[in-house]
Amino acid sequence: MEIIFWSLVLAAGLALLVKGADLFVDGAGGLAAGLGIPQLVIGLTVVAMGTSMPEAAVSISAVIKGNAEITIGNVVGSNILNILIILGLSAVIIPLAVEKNTIRCELPFLTGVSILLLLQGLDGEIGLLDGMIQVVLFGVYLVYLFAQARKNRKENEKEDANKQVRNVWQLILLCILGLVMTVAGSSLAVDAASEIAAKLGMSQRLIGLTIVALGTSLPELVTSVTAAKKGKPDIAIGNIVGSNIFNILFVVGISALIHPVAFAEGFRFDSIVSGAAALLLILFCVKDKKLKRWQGILLLAGYGLYFLAIL
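Residues numbered from 1 in each chain as written. Predicted model: local features only at pLDDT ≥ 70, side-chain atom pairs only at ≥ 80, totals over all residues. Heavy atoms only, no water.

Caption draft 1: Region of interest: empty space enclosed by the protein. All told, the structure shown has one cavity of 30 Å³ or more when counted by the stated rule. Empty space within the largest cavity amounts to approximately 30 Å³. Around the largest cavity, the lining residues are Val76, Asn79, Ser114, Leu117, Ile248, Ser271 and Ser274. Mapped by element, the contributors of at least two residues to the lining of the largest cavity are helix H4 (68-93), helix H5 (100-120) and helix H12 (266-285). Grouping the constituent residues of the lining of the largest cavity by class yields three nonpolar, four polar and no charged. (1 Å grid on protein atoms, 1.4 Å probe; cavity = no way out; pocket = protein on both sides within 12 Å on 5 of 7 lines; lining within 4 Å. Points joined across faces, edges and corners; volume = space filled by probe spheres on them. Helix = DSSP H or I, 4+ residues; strand = E, 2+ residues; numbered from the N terminus. Nonpolar A, V, L, I, M, F, W, Y, C, P; charged D, E, K, R; others polar.)

Caption draft 2: Spotlight on the environment of Ile258. Its place among the elements puts Ile258 in helix H11 (residues 233-258). Take Ile258: its relative accessible area is 44%, and that puts it in the partly exposed class. For the pair Ile258 and Gly131, spaced 127 residues apart in sequence, the C-alpha to C-alpha distance is 9.0 Å. Not counting the four nearest positions on each side in its chain, Ile258 is found in contact with Ile60, Val63 and Ile64. (Buried < 20%, exposed > 50% of the residue type's maximum accessible area, 1.4 Å probe, protein only. Contact = heavy atoms within 4.5 Å.)

Caption draft 3: Spotlight on the packing of helix H3 (residues 53-64) against helix H8 (residues 168-200). Put simply, H3 and H8 touch, their axes get as near as 8 Å, and they point 50° apart. Accordingly, the angle class assigned to the pair H3 and H8 is oblique. Crossing geometry of H3 relative to H8 is assigned as right-handed. Two secondary-structure elements touch here, H3 through Met53, Pro54, Ala57, Val58, Ser61 and Ala62 and H8 through Leu179, Thr182, Val183, Ser186, Ser187 and Val190. A breakdown of the residues in the contact of H3 with H8 according to their chemical character gives eight nonpolar, four polar and no charged. (Axes fitted to C-alpha atoms, helices over the stretch in contact; angles between N-to-C directions. Parallel < 35°, antiparallel > 145°, perpendicular 65-115°, else oblique. Left-handed = near helix turned anticlockwise from the far one by under 90°.)

So this is what it looks like as structure tokens:
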């Protein structure tokens with residue numbers, strides 16, 4: 001009965017996370033549009049970071065609650081799932097065109113920070129200095145995004161011409177409500193996941209890599225698959241790449257600033273898979289600038305093999 005109870009609590013927590021993230025993205029996106037912020041910046045920052053709010057809330061909450069293994073497991077697990085499952089599904093629905101700049105800059109940067117996370121964790125934890133390095137790199141990434149936005153300003157101004165601009169205060173309240181729901185949902189999810197792990201004899205690593213990672217990646221899943229269906233592959237790709245970078249540099253970085261984050265030996269394999277998945281995307285897209293259906297199927301199969309390996 002206890003497992004059933006905690007499973008319901010986990011479901012409720014994940015539901016709050018997803019809905020909270022949706023409200024945050026809607027509110028922040030509308031606010032940015034209303035204030036005249038270029039749409040490229042909205043897509044690569046507000047959408048990508050907004051859909052990663054569940055990962056941020058769960059991971060930071062886990063550190064505070066003393067369940068630090070969930071932090072790394074959630075981030076690395078979500079990043080693996082984002083590429084292999086979400087982009088895999090999106091590419092199966094419709095081939096995804098990939099911008100040349102994404103292949104040359106953003107994907108290599110994602111691969112690099114994935115390797116950095118692995119190297120930082122070789123001593124068994126992500127410490128204060130590691131967190132500071134990650135946060136600084138995140139700042140560099142933001143500067144890069146704004147520089148790119150200036151180059152594409154004219155193109156961005158043509159997008160979303162029919163978007164309704166609501167009252168600024170309503171949008172701010174919507175953002176706050178979304179954040180509150182996300183934080184509340186994260187607390188429930190961490191508590192429930194820890195209890196389920198204890199009852200079933202499962203490690204926090206496995207729970208973080210599977211149940212929590214899947215639940216907190218639902219916003220990315222919905223956003224990217226919807227974008228693929230609507231023929232907007234740039235949003236599908238940008239959302240995942242931006243979210244993965246945000247997960248490593250901001251989520252783990254801020255968590256490490258609060259308290260050293262344990263990096264169990266088993267996470268070395270998961271981090272290698274995460275970096276390899278990003279590198280695989282580059283190899284898939286570098287020739288035709290497109291992620292094809294058969295490549296999406298290979299990504300899905302790759303996650304199946306990974307899941308079997310961590311059981």
